[in-house]
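Architecture at a glance
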Amino acid sequence: MLSHTLEHGVLVITVDQDPGIAGRATLTTHITNLVDAHQPTPVVIVLTERAGGHAAVSAVLRAHQWCGRLGVLMSVVTHSAPVRRLLEANADSSGPHLVVHARVDTAISTAFTAAA
């Protein structure tokens, strides 16, 4: 369902498929556990083409709320313009702004620069 790496001091979590409604809570838990283990490292979540469903988007939005509470910078990457718009429209506005990118390299570079 997901994998993770550290690139230039940024935690990169790749979600490779939508978990469906039944797996949304599990995906959220996996993401937040990784964030907890690596904080205060900035986080980039990459949603692949197969991970652009509503359950994965919901899990990412919940993770964004979690990161906001912890003060951890988080951004998202997806090639899908409709998914980018969905994320931006539904992101928690009470904490740090959710930045949504179309390219992984840009997201990692931006997160690294912002954390420095």
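As the structure is a prediction and not an experimental result, all values here were calculated from the model.

Rules behind the numbers
Residues numbered from 1 in each chain as written. Predicted model: local features only at pLDDT ≥ 70, side-chain atom pairs only at ≥ 80, totals over all residues. Heavy atoms only, no water. Helix = DSSP H or I, 4+ residues; strand = E, 2+ residues; numbered from the N terminus. Expected span 1.5 Å × (residues − 1). Buried < 20%, exposed > 50% of the residue type's maximum accessible area, 1.4 Å probe, protein only. Contact = heavy atoms within 4.5 Å. pLDDT = per-residue confidence, 0-100.

Over its 19 residues, helix 1 (residues 20-38) extends 26 Å from the first C-alpha to the last, a length consistent with the 27 Å expected when each residue adds 1.5 Å. Within the span of helix 1, buried status applies to Gly23, Leu27, Thr28, Ile31, Thr32, Leu34 and Val35. Among the structural elements, strand 1 (2-7), strand 2 (10-15), strand 3 (43-47) and helix 2 (54-70) are those in contact with the buried residues of helix 1.

It is worth spelling out the confidence of the model for the chain at this point. On average, residues of the chain carry a pLDDT of 94, and 100% of them reach 70 or more. Element-level pLDDT for the chain is lowest in helix 4 (residues 104-115), with a mean of 92, against a maximum mean of 98 in strand 3.

We now examine unusual backbone geometry. In this structure, Pro40 follows Gln39 across a cis peptide bond, with omega equal to 10°. One non-glycine residue, His8, lies in positive phi territory at about 55°. Along the chain, His8 falls in the loop between strand 1 and strand 2.

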